[in-house]
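# Tertiary structure, described
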Amino acid sequence: MKESIEIIVPENWADVSLKSYQNYVTKINDLKGEDEIVIHSISSLCNIPLKLIKHLKREDIKQLYTKLSNLISLPINKQVIDKIDIGGIKYGFHPNLDEMTLGEFVDLDEHCKDGVDSIQQVLAILYRPITEEKGNNYNIEPYNESHIQNARLFENLSIDFANGVMVFFYHLGSELLTSSQGYLEEEVERLLHEGTMVGSA
């Protein structure tokens, strides 16, 4: 008796997790043959192990990929979502990027180098638990390196949520790249100056 396989094909990007999307995009550009692309797409976006897909009939695979093609043609959300609830805890997007600390900036710069592979770390830096909220205004926890551990929580969020941040940083990318060196130099100089002043006091 053959084991039945239930395959759920996502109908929109809100049904695709960040982790699934990462699995999809990290390999898709390196695949040459059409069959490889089809199998990888179904495996990643429908969360089906490759070994199970190989047992499906070609006609079933063709129908699955036709449905997935509809999904792939849809636009993904490009707007940053300010607040999100994860496990009953409210997280807020950094309310003022101009006031990022040196630690936040350095860690963001480091994780942005890995592109989509480390977007969950970027999200963990930018989205932190809300400490107080009044209307649309809110404050979040001061940043420390332990917030990076929240990255695993963001892996299961919808790519619709994560993509808004990726697009936001793509548009800011050139500005961040050109200003990062100057920013770091200014911060180091300021900290050294403060250290000198403290030492002189």
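Residues numbered from 1 in each chain as written. Predicted model: local features only at pLDDT ≥ 70, side-chain atom pairs only at ≥ 80, totals over all residues. Heavy atoms only, no water.

This paragraph deals with the overall build of the protein. Helix and strand content of the protein: 8 helices and 4 strands. In sequence order, the protein lays out its α and β elements as α-α-α-α-β-β-α-α-β-β-α-α. Here the protein holds 201 residues, and 36% of them are scored as buried. Of the contacts made within the protein by residues no fewer than 6 positions apart, 69% connect residues no fewer than 24 positions apart. Split by element, the accessible area of the protein, about 13,000 Å² in all, is 51% carbon and sulfur. (Helix = DSSP H or I, 4+ residues; strand = E, 2+ residues; numbered from the N terminus. Buried < 20%, exposed > 50% of the residue type's maximum accessible area, 1.4 Å probe, protein only. Contact = heavy atoms within 4.5 Å. Areas by Shrake-Rupley, 256 points an atom, 1.4 Å probe, with all protein chains shown as cover.)

This part takes up the pattern of salt bridges. Scanning all chains against the criterion turns up 3 salt bridges. Residues Lys83 and Glu133 are paired through a salt bridge, measuring 2.5 Å at the closest nitrogen-oxygen approach. Of the two residues, Lys83 sits in strand S1 (residues 83–86) while Glu133 sits in strand S3 (residues 127–134), which places them 50 residues apart along the sequence. Of the residues examined, Glu133 reaches a relative accessible area of 37% and is grouped as partly exposed. In this structure, Glu133 and Lys90 form a salt bridge, with 3.3 Å as the shortest nitrogen-oxygen distance. You can see Glu133 sitting in strand S3 and its partner Lys90 sitting in strand S2 (residues 89–93), a full 43 residues away along the chain. Because the salt bridges share partners, they merge into one network encompassing Lys83, Lys90 and Glu133. (Salt bridge = Lys/Arg side-chain N within 4 Å of Asp/Glu carboxyl O.)

The next thing to look at is the packing of aromatic side chains. For the structure shown, the criterion picks out 7 aromatic pairs. With a centroid separation of 4.9 Å and 50° between ring planes, the pair formed by Tyr127 and Phe161 is classed as tilted. With Tyr127 in strand S3 and Phe161 in helix H8 (residues 159–200), this residue pair connects regions lying 34 residues apart in the sequence. Across the pair, Phe161 and Tyr127 agree in class, each one buried. Among the aromatic side chains, those forming a connected cluster through ring pairs are Tyr91, Phe93, Tyr127, Phe154 and Phe161. (Phe/Tyr/Trp six-rings, centres within 6.5 Å; stacked < 30°, edge-to-face > 60°.)

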